[in-house]
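Summary of the model geometry
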Amino acid sequence: MSRNITFTFSLAALLLLTGCKKFLKETSQDEMTPTTTTSLNELLAKEGYPYVGSAYYASDGFSFCNYLHFMDDDLHLQNMVSYNDVTTYVKPFYAWSDNAYIEATLPPAGSPSGVSGATLSNPYQQLYNRIRGCNIVIEMLPQVSGPDDDKDQIQGEALVLRAYYYLMLVNLYGWPYNAPGHDRNSSPGVPIIVKGDISAANVARSTVAQVYDLITSDIEKAVSLLEEKRTISTVFRVNYRVAWLLASRIYLYMEQWDKVVAYTNKLIGDYPLLADLNLWKLPVPQSITLGSNNASFIDPSNAEMLFLFSGMRGGDWSYINLSYPQCIASTDLTSLYETNDMRFGTYNATNPPPNFFLNRQSGYYMNSKFYYSNGEASRCFRMAEAYANRAEAYIRTAIKGGDASLLQNALDDLNAIRVRRFVSGAPNATVTLASLNNDPQQVLQFCLTERRREFSFEEFRWFDLRRYGMPSIQHTFNPNEPYVTNATLPVETYTLPQGSNRYVMKIPQNALDANPALVQNP
Amino acid sequence: MRTQLLKGNCHALLKQLLILALCLPMLLWGQGSIAQTQPQPPGAQRVTVKVEKASLDEVMQILRRQVKLQFIIDAGASEIAKDIRLNMTDAPLSGVLDKMLAGTGLEYVINKNVIIIRKINTVKPQAAIVKIPPIQVTVTIKNEDGILLGGATVTDATDNTKAGVANSKGQLLLSLQPSARLRISFIGYETQLVPVDNRKQLTIVLKPSQKAEGEVVITGYQNLRSWESVGSTVKVKGEDMRIAGVPRIDIALQGQIPGVSITIPNGTVGSNPKVRVRGTSTLLGNREPIWVVDGIIREDPFPFKDQNLDNIVNATDKASMTAGLSIMSNGIAGLNPDDIEDITFLKDASATALYGVSAANGVIVITTKRGKVGRTNINFRTDQSITEKPSYNHQNLMNSSQRVALSEEMIAKGVNYAVPGQQGTFLVKNGPQNIGYEGLYYLYISKQITQQEFNDGVTRLELNNTDWFNELYRYALSQNYTVSISGGSDKATFYGSIGYNNTANSAIGNDQKRMNALMNMEYRLNNRIRWHIGVQTDALKTNGFYSDVNPEQYALYTNRELTPDQYYSTVNSTTNVYLANGNLSGFVSNLKFNFRNERAHTSNTTDGKQFMFNTDLQVTLTRDLNFQTMYSQNFDRSTQERWADENSYFVAQIRGANLGELPKGSAFEQASVLPRGGVLEREEMNRDGYLFRNSLNYNKTLGGHQQHSLNLMGGFEMRSNTYKGVATKNYGYFPDRGDVIDYDYTIVHPYSSSSDAFADKYYNHRTNTLTNFVSYYSSLTYSYKRKYTINLNGRSDASNRFGQYTNAAFNPVWAIGARWDVLAEKWFEHRLSWINAFNIRSSFGFQGNIVDNVGPNLIAQYVSPVYNPMNGESYLTIKTMPYPDLRKEKTRTWNIGTDVSVLNNRVSITFDYYYKYSKDLISQRTVPVEYGTAQMYVNGSDMTNTGYDISVRVVPVKTRDWMWSVQFNTSFNTNNVVKPQYVTNLNTLTNGTALVNGYPVDGFWSFRYAGLNHNTGRPMFKYMDVDTNLALLKNPDATQYLSYSGNANPRISGGISTSLRYRNLMLAASFNMELKYRLRLNPIMLAGGYGAYQAPAPDKNASVFLVNRWQRPGDEAHTDIPAIYAADENITSSVFNDASISSIASSWYRYTMYNYSDLRVVDGSHLRCNNIALTYSFTRQQLTRIKGLAQLTIAANVTNPFIIASSKLHGQDPEVLSTDASKTTPTLTRMRTVSFSLNAGF
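Now for a description of the structure that goes with this document. What you see is a predicted model; the values in this text were computed from it and never measured.

Some details on the overall build of chain B
Helices and strands together make up the secondary structure of chain B, namely 26 helices and 56 strands. The long-range share in chain B, meaning contacts at least 24 apart out of those at least 6 apart in sequence, stands at 71%. Counting every atom, chain B has about 51900 Å² of accessible surface; 54% of that belongs to carbon and sulfur.

Comments concerning the sheet that holds strand β12 (residues 201-206) of chain B
Residue and element names in this part refer to chain B. Strands sit in the order β9-β6-β12 across an open sheet of three strands; the sheet is mixed. Edge positions in the sheet fall to β9 (171-176) and β12, since each has one partner strand and no second. Between one strand axis and the next, the sheet turns through 30 degrees on average, direction left out of account. As defined by bridge partners, strand β6 (residues 135-143) adjoins β9 across six bridges and the pair is classed as antiparallel. Across the sheet, Thr-138 pairs through a bridge with Leu-173, a residue of β9.

A few points about unusual backbone geometry
Residues other than glycine seldom take positive phi values, yet A:Glu459 does so here, at roughly 65 degrees. Here A:Glu459 shows up in the loop between α14 (440-454) and α15 (461-467). For A:Glu459, a relative accessible area of 8% translates into the label buried. Phi is positive for B:Leu903, which is not a glycine, with a value near 50 degrees.

Some details on the packing of aromatic side chains
All chains considered together, the criterion is met by 60 aromatic pairs over all chains. Measuring from centroid to centroid gives 6.4 Å for A:Tyr253 and A:Phe463, while their planes differ by 50 degrees, and the two rings are tilted. Of the two residues, A:Tyr253 sits in helix α9 (residues 240-254) while A:Phe463 sits in helix α15, which places them 210 residues apart along the sequence. On the basis of an interplanar angle of 40 degrees and a centroid distance of 4.6 Å, the ring pair of B:Trp962 and B:Tyr1062 is categorised as tilted. Residue B:Trp962 is located in strand β43 (residues 962-978), and its partner B:Tyr1062 is located in strand β48 (residues 1052-1062); the two are separated by 100 residues in the primary sequence. Among the aromatic residues, ring-to-ring pairing joins A:Tyr49, A:Phe64, A:Tyr164, A:Tyr165, A:Phe307, A:Phe309 and A:Phe381 into one connected group. In this structure, A:Arg241 packs its charged tip against the face of A:Tyr271, placed 4.0 Å from the ring centre. The ring centre of B:Tyr392 lies 3.7 Å from the NZ or CZ of B:Arg560, which sits over that ring.

Here's the deal with the packing of helix α12 (residues 384-399) of chain A against helix α13 (residues 406-419) of chain A
Residues and elements named next belong to chain A. Axis separation between α12 and α13 bottoms out at 8 Å; the angle between their running directions is 160 degrees. Put simply, α12 runs roughly antiparallel to α13. Crossing handedness for the pair α12 and α13: left-handed. In this structure, α12 contributes Ala-384, Tyr-387, Ala-388, Arg-390, Ala-391, Tyr-394, Ile-395, Thr-397 and Ala-398 to the contact, and α13 contributes Leu-406, Leu-407, Asn-409, Ala-410, Asp-413, Leu-414, Ala-416 and Ile-417. Split into classes, the residues belonging to the contact of α12 with α13 amount to 13 nonpolar, two polar and two charged.

Some details on helix α12 (residues 400-412) of chain B
All names here are of chain B. For α12, built from 13 residues, the straight-helix expectation of 18 Å at 1.5 Å per residue is met to within 8% by its first-to-last C-alpha distance of 18 Å. Listed in full, the buried residues belonging to α12 are Ser-400, Arg-403, Val-404, Leu-406, Ser-407, Met-410 and Ile-411. Buried residues along α12 cover an arc of 155 degrees about the axis, so they all sit on one side. On its buried side, α12 packs onto α14 (436-445) and α15 (451-464). Positive phi shows up at Gly-414, right after α12, with a value of about 80 degrees.

Here's the deal with the pattern of salt bridges
Inspection of every chain in the model, using the stated rule, returns 70 salt bridges over all chains. For the salt bridge of B:Arg248 with B:Asp250, the shortest nitrogen-to-oxygen distance reads 2.9 Å. In the salt-bridge network here, residues are joined through shared partners; they are A:Glu304, A:Glu338, A:Asp341, A:Arg343, A:Arg382, A:Arg418, A:Arg421, A:Glu450, A:Arg453, A:Glu454 and A:Glu458.

Examining the nonpolar core
The biggest cluster of nonpolar side chains holds 152 residues, and the ones touching the most others in it are A:Tyr166 and A:Tyr212. In terms of residues, this core owes the most to one element, helix α7 (residues 148-173) of chain A, which gives 15 residues. In this view, A:Tyr166 contacts A:Tyr128, A:Ile131, A:Val190, A:Pro191, A:Ile192, A:Ile193, A:Val211, A:Leu214 and A:Ile215; residues no more than four positions away in its chain are not counted. With 38 residues, the next largest nonpolar core counts B:Trp1005, B:Ile1084, B:Ile1121 and B:Tyr1154 among its residues.

Rules and cut-offs
Residues numbered from 1 in each chain as written. Chains lettered and ligands numbered in written order. Predicted model: local features only at pLDDT ≥ 70, side-chain atom pairs only at ≥ 80, totals over all residues. Heavy atoms only, no water. Helix = DSSP H or I, 4+ residues; strand = E, 2+ residues; numbered from the N terminus. Contact = heavy atoms within 4.5 Å. Areas by Shrake-Rupley, 256 points an atom, 1.4 Å probe, with all protein chains shown as cover. Pairing = 2+ DSSP bridges. Axes fitted to C-alpha atoms, helices over the stretch in contact; angles between N-to-C directions. Buried < 20%, exposed > 50% of the residue type's maximum accessible area, 1.4 Å probe, protein only. Phe/Tyr/Trp six-rings, centres within 6.5 Å; stacked < 30°, edge-to-face > 60°. Lys NZ or Arg CZ within 6 Å of the ring centre and 35° of its normal. Parallel < 35°, antiparallel > 145°, perpendicular 65-115°, else oblique. Left-handed = near helix turned anticlockwise from the far one by under 90°. Nonpolar A, V, L, I, M, F, W, Y, C, P; charged D, E, K, R; others polar. Expected span 1.5 Å × (residues − 1). Arc of directions from axis to C-beta. Salt bridge = Lys/Arg side-chain N within 4 Å of Asp/Glu carboxyl O. Core = buried A, V, L, I, M, F, W, Y, C linked by side-chain atoms within 4.5 Å.

On their own, these measurements won't tell you what the molecule is for.
Pasting the structure below:
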């Protein structure tokens, strides 16, 4: 009997041990270690790409720098007492205060309880967080299984994104590439992190030139990886066209005009599409609670869009915010639009043409390129930029002593944009060299103005101002307008002097606290 | 790579087991060949003995090898029979013995398989000559409670022959010499010697054995005899831990066990206590010990993820958990304390090693009751309890006339709070409206009421004086009933019980109902096989509070000027819509709140059902080898449901208006996120577990004097646990309209005042986790003469947990220990006869702890919902970054202890000293933002835990009528962090989570209070206002300017229990003490936004201490209560280097500093009386009138009668640890409960 039991036990033990491997197979319902290109692709979509579609990912909805426009000259701040918290958030930036970021996130001094500061995006932290995603994907790629084509595509996308993020970082926190008096070889840019590991080691700021070196090498490599297969998936993914466009933007900032022309030529040759507002159909709002059913210009249905990103949630007051008509388009900007320009108009639901770019609400013009709607993207890369970049590069080349016929090429590019923005057949839609007196400087001015009209509130203006020699600009704030009627407070005027230190953002305090190697901007 | 390694390990183990399996049959065969001689009568067995000058012991040794008989040598016999010479081959055993003992004065007796060699009784022959005829004696055996002890053994002490075993009625009939003496023995009782004295009826009452407690140590894997136990263990009887009115064993254990600190942070019925065995030795991992019931680990009904609370707990429940209102039960909440036989606490590495890595925090082993051989007993117990309701006594709160006076004074001094429309527009939005004195005053100054109406109103307010405790609390009645039945015969025993418990909190709305049943059956199929079957099941239903429905907080902080039926508004909400012309139209609603309405229209319930089935089979393979196999299947089904219906304020906030206010069918109604219906959150969890365990136990005693005893145990265990569940949230819940859920998620509400994010309105998360463990364990114990024992325990676990090192290698845990029973030394015994027990134990063990969720590989997680409808992408997110350098946490534990018992066991002392060194503890540290993440995990810190546990039991008085015993236990624990890789900041230092080299884990720091300002009455602080040194305040190391306040957890914890018995009356009391720790006082009133100090809001009550606040220069000499202003001074981050202390990480106030100052730190040491009980047991004489009643006890019991603590606490409960002074949320107080119990046995 005892022998039988022993035998049974031994047999049972044997049987159980053969099942050991299966019994101990790592399982998790919701966790995994990426081992394929498919997994890495999904990881890149979440960790490397900018946020998009905020309805489902509520906390991720910010654009990278939702206060950028408070500082440029396209925006005007007006008072609205019942929502003075908005003033509180915007004004420190609007006044180019030294500690704008800190002031905006604080409740105003002496304010009673219950008043909070703004919820602002922290671009420094967010951009580096996205860079981490790109770095991890790039680092893990060689170890995972999958077709080489997929690996090239994923690496290319990650490099495009990383180049874009560093371009944003260096332009927010460093002096411009060609800023007079700030040698790019010594002027501090941002720390360079290109590895996925985390360590506690402090990293110092690289120079502006070093950051641009990284950006150009990333974009060049991305272009070579992506332009071979020329894969296009969705408008929410970067591809070879976005790489070309971003390359042209990078070289524009670096003032390497020939390269701008080279990349835009490639792009326009490949995809010459520009959206014609005359053909664009806007659905009529179905309900009196506006917003949800309006198609906007920045929309996946617009074929001009190359890449869409950034959801929209709170804090980005520059767009048409019906509750708070405080951040409106400056008269500086609105005065630039000509008649028949459909980019600018009065809202009229029943009688088109509608207005696409600047909309009139409650008597004020506000950004209406996208609507507040949980699920939409608010930032984009689009074809018009290729034309605008090429036009500017042509003109600058001509001014530098290049072929004067390039000026006509530039006007052709600008007209290509304009005819699709004006009411069809409008006589003032196209411009000729003659109307600009064949003066290269006037052509350049026209080009830059067109750029401002076209790309208002698309995060161009601040960076363009930096490129244009950081001119002096002025903001006014009238505490009495428009809702406070009984008060007679003095109008406040703020001036940003030419080449001011405030053309460079201060590095956020939390970054300085965590990394003693950082040197704050003046 | 990993799978390769795994395979290798499996194979290695396979090999080991194969070898074991191969060796086994050989071992068994060897034994079996001897067993063949057994059928012959003992004396006829043939043996061969050839010895020269051998001792009796040596001959016995030779004989033992050849026959399977037991030899017992009477004391002194060895001395008589020396120099034995024998030369016999294949002779009958009786012949050999006859020859050997001839002429030695010794004789032998054969009794079944036992041969006794003893001196020839010289009296006996004479008695034989007299030939007195034997008499028939009826013996009845019972215990002191009158329970008949079937199965008791009776031996005739005159000739040491076994006389018999009592039948199930505790009786047996014997034929005895009238002069015989009987020895009656029964397990768990003291053996008695009774002379027959010619009586024909003998009734023998056995007393329970005092030594019984220490006799067997139950580890869940082994039952160790006392001299085999080298580790630090404590065993208590379930009965002794039973407190009437306390339905859970974990709470009842508070203060009873040395080295086990139990904190009960709140009095909510259904919330779990915090249990710490010998401090903590991990920073991120689980710190709770594991509970084992009948050898099976009791898993919690919901999966535990300590570090990532957010993953399993939604925001609502997290809020109620932080408020101490959680009603999620734990694994043993459903166990009926009446079913517990005993509880063993395994504290050191040696005791816990057999449980492997999961036992790093200690193991608590519970054994349920089993049936005993004897007559069938039916036992009935009931407890009826009544719980007091709290009152305003000692709360130091204002009554309504004091509160009106405060408001009057504030307004007179121009420090008015938020008079609508007067103090800035945001106050219109956020300020309370038309409440109390301020509201009335506003109506008056805005000329809406006359002076007369105003005066009448003020008088009315002053008289209101609502007693919120009276409104929201009750005298709560609780009941407990248990019926159990037990008994059995030689073949089978059984114990079964059913119980019902209903415990109600004095806070209306919080109660718990429990039903449970337990059945334990044991069969002895033959003398080799024992089979046990156990079934335990329970159903537990708890009602708690919804988030923000906290009666204690409401009663404490609500202005008593308000009436209980009043609906009032503190906030308003605007719903916006846009008209066709693009113009804005807003609908403003003042959201109305009433506590009782809120309580009635919200619900939070947990419903759990648990079932456990376990069976084990013990087979005696040979005399020395035992095989045990055990299987358990257990499962829970738990549901947690939280809802708020459309009548509640909670839903009104989401809706943006009171119910019915938004015009039906209007654009405003369309714009609202939740125009109709309420919110339902429901979490369902099914846990399924099984365990399969096989072990072999080899027990052998060797040597001529039986001096070598060896115990070898090895086993294999498979454990699996699955959690499957679903958590959902729905908008549009109509509990009163057919329990319907109806909501259209396709409608977008872009301008709603509440979030329209999909995830805020709806979720449906599934949980599906499977945890498998394969473990091998073994234990080796060697003992020499039961004097010196060494023990080696080891265990190795492998699991399927993801992303861990777990399956890269089996995780070995081992411990070695030794024990010296000093008393067993002969030299000792003779000299100090007053010592009854004295031993010294020592152990060393090594444990590796695994912190969940952190591993060497990048772990990605699937994102829910499955795809983003915007771009069609499916996502993977980074759950944890790869930490390739991360190692396991290692803890080395040393333990040395002693047990001493003196003066006839009147005084017994157990002392244990331990030292734990935990190395490579994983902690988080801040890294530069540029790495894209805020923190990383590092194996940076070490920690030491040193301490001792003492328990003393004294019986100062023990007479026939009086018995007084005192038990005292205390444990001292101190821990220190060594070289932490941790960057401190103001926030972590002041709230006690910072790790600082050389300081304890729970140390906390405070600002240095330096009096009130002479001119303004605002608090001042050292270095800031006094001895100003602003550069020092900029120092990133805040410990430079903060003062160290001490540790937040008690260093010394312990308890005292005492009982005094006079005849049948017993008075018992138990106390819990926690000493040497510091805590912060609750704020003198609720802070305004982000911690500002300003006039209290009109709906809020204030502390009477405010009466003594600073009011004019000079007051600072005799008060530390700051002056109140309309706005507090904002101390921005410009003063200090970091602003982390602020809830919004940017701005904070002097009042925040005041609350975090050393002024507000007090000593938390206290002694709490847990209960006092008076018990009367009826004597058997008293009970004879009631037929069938064998035993009756009645008792009265008071729990939480009083607490002795520092007067500086002003009534604050020191057990509720709060180092975070600004966010204190009061938890339900543990109230005094009076219980009456009745216990009857039939």
